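# Structure assessment
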Amino acid sequence: MSDYKSGLEYALEQDRNDELKLYRNQFHIPKDAHGDDLIYMTGNSLGLQPKTTKTYVNQELEDWATLGVEGHFEAKNPWLPYHEFLTESMAKIVGAKPIEVVVMNTLTANLHFMMVSFYQPTKTRYKILIESDAFPSDKYAVESQLRHHGFDDKEGLILWKPHNDEELLNYEDLELILKEHGDEIALIMIGGVNYYTGQYFDLKRITELGHKHGCKVGFDCAHGAGNVALNLHDSGADFAVWCTYKYLNSGPGSLAGCFIHERHAYNKNLNRFTGWWSHNKETRFNMRGEFDQLPGAEGWQLSNPPILSMAAIKASLDLFHEVGIEKLTEKSKKLTGYFEFLLKQLGEDIIRIITPSNPNERGCQLSIQVKNADKSLHNKLTEAGVISDWREPDVIRCAPTPFYNSFEDVYKLVEKLKAILK
Ligand SMILES: *Cc1c(COP(=O)(O)O)cnc(C)c1O
């Protein structure tokens, strides 16, 4: 990995040899005022639109126009089982079995529904452990669950914190917390890849540790799904949730994914909120009688889902299915390593990379701290045609995604950063 070279020629050569190079052309790349491609580094925030998405969505509009309600059965992709067309590809992306995965609702909503089932506090075991720099929505969600069950949202929340002047979390600290408070903790809920630092946690290690202490363990994989090979089944986690509009390129506010481990698939005693879509498919439309729980992750659905949004997800998942998450992560590691190599050449006194340097502890995002920088640096980058993400006080997040970013993108980004810093 250390045989990276500087210079544009090297970047172009890497692009020529890139097995996935043709996929860039399968996405709409946003353009500047001159019609040139912008350097899009925010696939971690909103993934780009596959060119096939329009066709997939139009198919459903067309079937709705011509078939009306009959589209539930007669559409080219019948709407009644439409969510099932997504399951297998989605399960592969997150390393799960099909029975463990469903696409439904939105991310924070799914997190709450998972806590209805997997946050079952008692008088003595009621605390929730999260990482100290969790995504705000996750923090708000777990705090509100504590309040909902009558607990104090400060006293009931345990934070896994980095050491002073550090950003990354370490497992020894987590072990210490569990040693001291393990029997008070009902749920461990961690962002599988931290949105801010890009740190990709060892999900299996955290799960084993949590289970050893009798805690339930869940992950928010919004920054992991489509970015790293999550292996959710093997992690043993009780549940996981993620959105599809970041690395999964399924459109703003699109539906979210949900994983519930196989060992809970047939447990009808697990508390949950239900609706007609969690009811046995065979008898759902009898509209009478006793509730009959669907097994597996599907049994957590409530409503008949929005097909237009699912069509956009299907367009994207078909691309993922074609390439496979393994090839994507392989390119991702090369591209991110190259990005790191170029940044380091700018001088480690000016640039500090917060994200772990170990390729197995990160995805494609690098969070960059620039000495004495303020938001004007981000604004200048934007003017120079780089779409990146700024976070106060001094961090720029860039995510070169393997699907549509090139080595040339990364080269140009660093050249522009260099010019601005001069
Ligand atoms: C993006 C993101 C969210 C956003 O939640 P929505 O319900 O989709 O608005 C929440 N949590 C994490 C960790 C995220 O990365």
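Predicted model, so just to flag it, every value in this text is computed and none were measured.

## Thoughts on the overall build of the protein chain
Looking only at helices and strands, the protein chain features 13 helices and 13 strands. Its C-alpha atoms give the protein chain a radius of gyration of 22 Å, near enough to 22 Å, the size a compact globule of 422 residues would have. Reported as C-alpha extents along the three principal axes, the dimensions of the protein chain are approximately 70 × 60 × 35 Å. Taken across its 422 residues, the protein chain has 55% of its residues classed as buried. Within the protein chain, contacts between residues separated by at least 24 positions form 70% of all contacts whose residues are at least 6 apart in sequence. Side-chain charges of the protein chain comprise 46 positive and 59 negative groups, with the mean position of each set lying 1 Å from the other.

## Overview of a nonpolar patch on the surface
On the surface, a cluster of nonpolar side chains totalling about 300 Å² of accessible area is made up of L61, W64 and L308. Within the fold, L308 resides in helix α10 (residues 307-323).

## Some remarks on the site of the ligand
Around the ligand, the surrounding shell consists of L107, T108, F135, D138, D220, A222, H223, Y245 and K246. Taken together, the residues of the shell around the ligand sort by class into four nonpolar, two polar and three charged.

## Describing the sheet that holds strand β10 (residues 366-370)
Strand order in the open sheet formed by four strands is β9-β10-β13-β12, with antiparallel pairing between adjacent strands. The strands lining the two open edges of the sheet, one partner per strand, are β9 (351-353) and β12 (389-391). For this sheet, the mean inter-axis angle between neighbouring strands, taken without regard to orientation, is 30°. Running over the sheet, helix α11 (residues 325-345) touches β9, β10 and β13 (395-398) and is turned about 10° from β10. In the packing of helix α12 (residues 375-383) onto the sheet, the strands contacted are β10, β12 and β13, and the crossing angle to β12 comes to about 175°.

## Description of the packing of α12 against helix α13 (residues 407-421)
Where α12 meets α13, the closest approach of the two axes is 10 Å, and the angle between their N-to-C directions is 130°. When the interaxial angle is binned, α12 and α13 end up oblique. In the crossing of α12 with α13, the sense of the turn from one axis to the other is right-handed. Residue-level contacts link L377, K380 and L381 of α12 to L413, L417, I420 and L421 of α13. By residue class, the composition of the contact of α12 with α13 is six nonpolar, no polar and one charged.

## So, the nonpolar core
In this structure, W160 and W242 are the most contacted members of the largest nonpolar core, which totals 62 residues. Top contributing element to this core by residue count: α10, with nine residues. Composition of this core by domain shows at least three residues from each of domain 1 (8-49 + 324-421) and domain 2 (81-322).

## Regarding the pattern of salt bridges
Note that side chains of opposite charge can pair when their charged atoms are close. Applying the stated criterion across every chain yields a total of 23 salt bridges. A salt bridge links K331 to D18; its shortest N-O distance comes to 2.8 Å. In this pair, K331 is assigned in helix α11 and D18 in the loop between α1 (8-17) and β1 (39-40), connecting sequence segments 313 residues apart. Given the relative accessible area of 7%, K331 is considered buried. Residue D18 is classed as buried on the basis of its relative accessible area of 10%. The salt bridge partner of R391 is D133, with a shortest N-O separation of 3.8 Å. Of this pair, R391 sits in strand β12 while D133 sits in the loop between β3 (127-131) and α6 (136-148), and the two are 258 residues apart along the sequence. The exposure class of D133 is partly exposed, given its relative accessible area of 25%. Through salt bridges with shared partners, a single network forms among R24, K31, D37 and D409.

## Re the sheet that holds β3
Strands sit in the order β2-β8-β7-β6-β5-β3-β4 across an open sheet of seven strands; the sheet is mixed. In this open sheet, the two edge strands, each paired with only one partner strand, are β2 (101-104) and β4 (157-160). The sheet shows a mean angle of 20° between the axes of neighbouring strands, direction not considered. Of the strand pairs in this sheet, β3 and β4 are connected by four bridges, and their pairing is parallel. The residue of β4 that forms the bridge with I128 is L157. Across the sheet, helix α5 (residues 107-118) touches β2, β5 (185-191), β6 (216-220), β7 (239-243) and β8 (256-260), and the angle it forms with β7 is around 170°. Here helix α8 (residues 203-212) sits on the sheet and contacts β4, β5 and β6; the angle it forms with β6, its principal contact strand, is near 155°.

## Overview of the environment of A265
Its place among the elements puts A265 in the loop between β8 and α10. Separated by 165 residues in the primary sequence, A265 and E100 place their C-alpha atoms 7.3 Å from one another. Once residues lying within four places of it in the same chain are set aside, the contact partners of A265 are I99, P295 and G296.

Cut-offs used in this document
- Here the residue numbering is sequential within each chain, running from 1 through the sequence in written order.
- The predicted origin of the model limits local features to residues at a pLDDT of at least 70 and limits the giving and counting of side-chain atom pairs to 80 or more, whereas totals for whole chains, interfaces and linings rest on all residues.
- As a convention, hydrogens and water are excluded, and side-chain values are obtained from all of the structure's heavy atoms.
- Helix and strand assignments come from DSSP, with helices taken as H or I runs of at least 4 residues and strands as E runs of at least 2, each series counted from the N terminus.
- Throughout, radius of gyration means the C-alpha value; the globule benchmark is 2.2 Å times the number of residues raised to the power 0.38.
- Burial here depends on accessible area, computed with a 1.4 Å probe over protein chains only, as a share of the maximum for the residue type. Under 20% is buried, over 50% is exposed, and the range in between is partly exposed.
- We call two residues in contact when some of their heavy atoms are within 4.5 Å.
- Note that His is not counted, nor are the chain ends; the positive residues are Lys and Arg, and the negative ones are Asp and Glu.
- The location of each charge is read from NZ of Lys, CZ of Arg, CG of Asp or CD of Glu.
- Like charges are joined within 9 Å and nonpolar side chains (Val, Leu, Ile, Met, Phe, Trp, Tyr) within 5 Å, but only among residues with over 30% relative accessible area and no salt bridge; these make up the patches.
- Note on areas: Shrake-Rupley with a 1.4 Å probe; residue coverage comes only from the protein chains shown.
- Salt bridge, as used here, is a side-chain nitrogen of Lys or Arg placed within 4 Å of a carboxyl oxygen of Asp or Glu.
- In this text, near means that some heavy atom of the residue lies within 4 Å of the molecule or strand in question.
- Residue type decides the class: Asp, Glu, Lys and Arg count as charged, Ala, Val, Leu, Ile, Met, Phe, Trp, Tyr, Cys and Pro as nonpolar, and the leftover types, Gly among them, as polar.
- Pairing between two strands requires that DSSP report at least two bridges joining them.
- Only the stretch in contact is used when fitting a helix axis, every axis being a line fitted to C-alpha atoms; angles between N-to-C directions are given from 0 to 180 degrees.
- When describing relative orientation, an angle under 35 degrees is termed roughly parallel and one over 145 degrees roughly antiparallel, while 65 to 115 degrees is termed roughly perpendicular and anything else oblique.
- Left-handed describes a crossing in which the near helix is turned anticlockwise from the far one by less than a right angle; the clockwise case is right-handed.
- Only buried Ala, Val, Leu, Ile, Met, Phe, Trp, Tyr and Cys residues count toward a nonpolar core, and they belong to the same one when joined by side-chain atoms within 4.5 Å.
- Per the annotation, domain bounds derive from an automatic or database assignment of domains.

The values are spatial; any link to function lies outside them.
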